[in-house]
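# Examining the three-dimensional arrangement
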Amino acid sequence: MGQKINPLGFRLGTIQGHHSLWFAQPKNYSKGLQEDQKIRECIKNYVQKNMRISSGVEGIARIEIQKRIDLIQIIIHMGFPKLLVEGKPRRIKELQMNVQKELNYVNRKLNITITRITKPYGHPNILAEFIAGQLRNRVSFRKAIKKAIELTEQADTKGIQVQIAGRIDGKEIARVEWIREGRVPLQTIRAKIDYCSYRVRTIYGVLGIKIWIFVDEE
């Protein structure tokens, strides 16, 4: 059996970089890691509460965190930033206050910027949210995956693989189903592959969605 590894971790330092950039002493490393996790969760919760669009997609592709001694820079890459930008200064200020309150920052400045993604459905996180929304509405999983693949084809990707595991369509026995379209060369380090795993709660249990998108070859 081929052993599976996270495609991002496999390509770090060659063609892809970390989503968090900071340095810490070994004894403080776990604290910094938990801090990153809290920041990401806080932002996702805020977006979930305030800006839900009709398809149930929040539209956050990734959150990058850069830490310095006195400043934390957070860059949110969004597919549909107009949801946040409508009341831009007020909304972003409110989000900053939320994160600062959650983490009790006193002497560290927090700076949040939002970057728009040109082709949102070329990103696995946004696609996983779309599939999750469809599954919650009891759409057949095959129909949901095919629709997602159609959306990625519009975003000019070279290949996609979608895998869903769990009690699919409410069946008693859990199983794993996957569909691949185009090329997904997981072992080629030159190939830039975006990956995400997403958990969705449905009325008959938890389903796991994994998406690999082959973006480009260097």
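As shown above, the structure is provided for reference.
Nothing here was measured: the structure is a model prediction, and the numbers come from that model.

About the thresholds
- Residues numbered from 1 in each chain as written.
- Predicted model: local features only at pLDDT ≥ 70, side-chain atom pairs only at ≥ 80, totals over all residues.
- Heavy atoms only, no water.
- Helix = DSSP H or I, 4+ residues; strand = E, 2+ residues; numbered from the N terminus.
- Rg over C-alpha atoms; globule rule 2.2 N^0.38 Å.
- Buried < 20%, exposed > 50% of the residue type's maximum accessible area, 1.4 Å probe, protein only.
- Contact = heavy atoms within 4.5 Å.
- Areas by Shrake-Rupley, 256 points an atom, 1.4 Å probe, with all protein chains shown as cover.
- Lys, Arg positive; Asp, Glu negative; His and termini not counted.
- Charge placed at Lys NZ, Arg CZ, Asp CG, Glu CD.
- Phe/Tyr/Trp six-rings, centres within 6.5 Å; stacked < 30°, edge-to-face > 60°.
- Lys NZ or Arg CZ within 6 Å of the ring centre and 35° of its normal.

### Examining the overall build of the protein
- The helix and strand tally for the protein stands at six helices and eight strands.
- Its C-alpha atoms give the protein a radius of gyration of 18 Å, within 12% of the compact-globule value 17 Å for 218 residues.
- Seen along its three principal axes, the alpha-carbon backbone of the protein occupies a region of about 50 × 40 × 35 Å.
- Each of the 218 residues in the protein was classed as buried or not, and the buried ones make up 44%.
- Long-range pairs, those at least 24 residues apart, make up 63% of the contacts in the protein between residues at least 6 apart in sequence.
- Carbon and sulfur atoms make up 49% of the accessible area of the protein, which amounts to about 13,000 Å² in all.
- One finds the centroid of the 39 positive side-chain charges in the protein at a distance of 3 Å from the centroid of its 21 negative side-chain charges.

### Examining the packing of aromatic side chains
- Evaluated as defined, the whole model comprises three aromatic pairs.
- Judged by centre distance (5.5 Å) and plane angle (35 degrees), the ring pair of Trp22 and Tyr29 falls under tilted.
- On the basis of relative accessibility, which here comes to 21%, the residue Trp22 falls in the partly exposed class.
- The interplanar angle of 75 degrees and the centroid separation of 6.1 Å between the aromatic rings of Tyr121 and Phe130 together place this pair among those described as edge-to-face.
- A relative accessible area of 6% places Phe130 in the buried class.
- Geometry around Trp22 places Lys67 over its ring, the cationic atom sitting 4.6 Å from the centre.

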